[in-house]
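Examining the three-dimensional arrangement
One letter stands for each residue in the lines below.
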Amino acid sequence: MKYIYFIQNVESYDYFDKNILFPRITTNGIYQCKKLKTYFENLNINIILSSPLRKALETVECVFNNSHMIIASDLLREHLVHPVNNCDCRESKENLVQTFEGIDFSQVYDNYNYNNYEDEESINNRMKAFYYYLINLTYKSIVVVSHENFIKSFLEVYTEKLNNNDCEIVKL
């Protein structure tokens, strides 16, 4: 059995203003991280997969203190729908690598317009790619840190398929 824990990034300043570029987590977000840290304290987590948006990466750092293998992936970023919200844009890979030491950014790419609008087909293709990536991981305890719309859309489409592949889904 594979256990997959889905976490939406904790509260960040874009909850109050969607025009904030690269929002950081709030004081309340830090409190939410402490509660999540308590939840995961006695679980044997093998790997953490995270969106490369600052608010997700700060959630990961705050909850897990870089004490696990952490991979940031463009597959997990929030949907970029029209109009694109500044808060759902990501920074350059170079800046992320300098800011978040100890996180593997090998699945984050700057060789395309990563902050452009995505059509429904692109979003569906990205979710499908993540599904296949996830089921092919050999780890038994996986944390996925992403965003509200991505997690909701992904689980609507793939929960049954994951369950059929001997995966138990835990949404936090």
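Description of the structure in this document. Numbering of residues begins from 1 in every chain and follows the order in which that chain's sequence is written. Local features in this predicted model are restricted to residues of pLDDT 70 or higher, and side-chain atom pairs are both shown and tallied only at a pLDDT of 80 or more, whereas totals for entire chains, interfaces and linings draw on every residue. Each side-chain value is derived from all of the structure's non-hydrogen atoms; neither hydrogens nor water enter the calculation.

**Describing a nonpolar patch on the surface**
What goes into a patch is any residue over 30% in relative accessible area without a salt bridge, connected to like charges within 9 Å or, for nonpolar side chains (Val, Leu, Ile, Met, Phe, Trp, Tyr), within 5 Å. Accessibility throughout is a Shrake-Rupley quantity obtained with a 1.4 Å probe, and a residue counts as covered only by protein chains that appear here. Just to be clear on terms, a salt bridge is a Lys or Arg side-chain nitrogen sitting within 4 Å of an Asp or Glu carboxyl oxygen. A contiguous nonpolar patch, built from Tyr13, Tyr15 and Phe16 and spanning about 350 Å² of accessible area, is present on the exposed surface. Numbering of helices and strands runs from the N terminus, with a helix taken as a DSSP run of H or I at least four residues long and a strand as a DSSP run of E at least two residues long. The residue Tyr13 is located in the loop between strand 1 (2-8) and helix 1 (27-40) in this model. Working definition: with a 1.4 Å probe on protein chains only, accessible area under 20% of the residue-type maximum means buried, over 50% means exposed, and in between means partly exposed. On the basis of relative accessibility, which here comes to 39%, the residue Tyr13 falls in the partly exposed class.

**Thoughts on the packing of aromatic side chains**
Note on aromatic contacts: the rings of Phe and Tyr and the six-membered ring of Trp form a pair at centre separations within 6.5 Å, being stacked when their planes are under 30 degrees apart, edge-to-face when over 60 apart, and tilted otherwise. Evaluation of the coordinates by the stated rule reveals 12 aromatic pairs. Geometrically, the ring pair formed by Phe6 and Phe154 is tilted, given 5.9 Å between the ring centres and 35° between the ring planes. With Phe6 in strand 1 and Phe154 in helix 5 (residues 148-164), the pair connects residues that are 148 residues apart, well separated along the chain. Accessibility assignment for this pair places Phe6 and Phe154 in one class, buried. Here Tyr39 and Phe40 contribute two aromatic rings whose centre-to-centre distance is 5.1 Å and whose plane-to-plane angle is 85°, an arrangement assigned as edge-to-face. For Phe40, a relative accessible area of 5% translates into the label buried. Aromatic ring contacts, followed pair by pair, group Phe6, Phe130, Tyr131, Tyr132, Tyr133, Phe150, Phe154 and Tyr158 into a single cluster.

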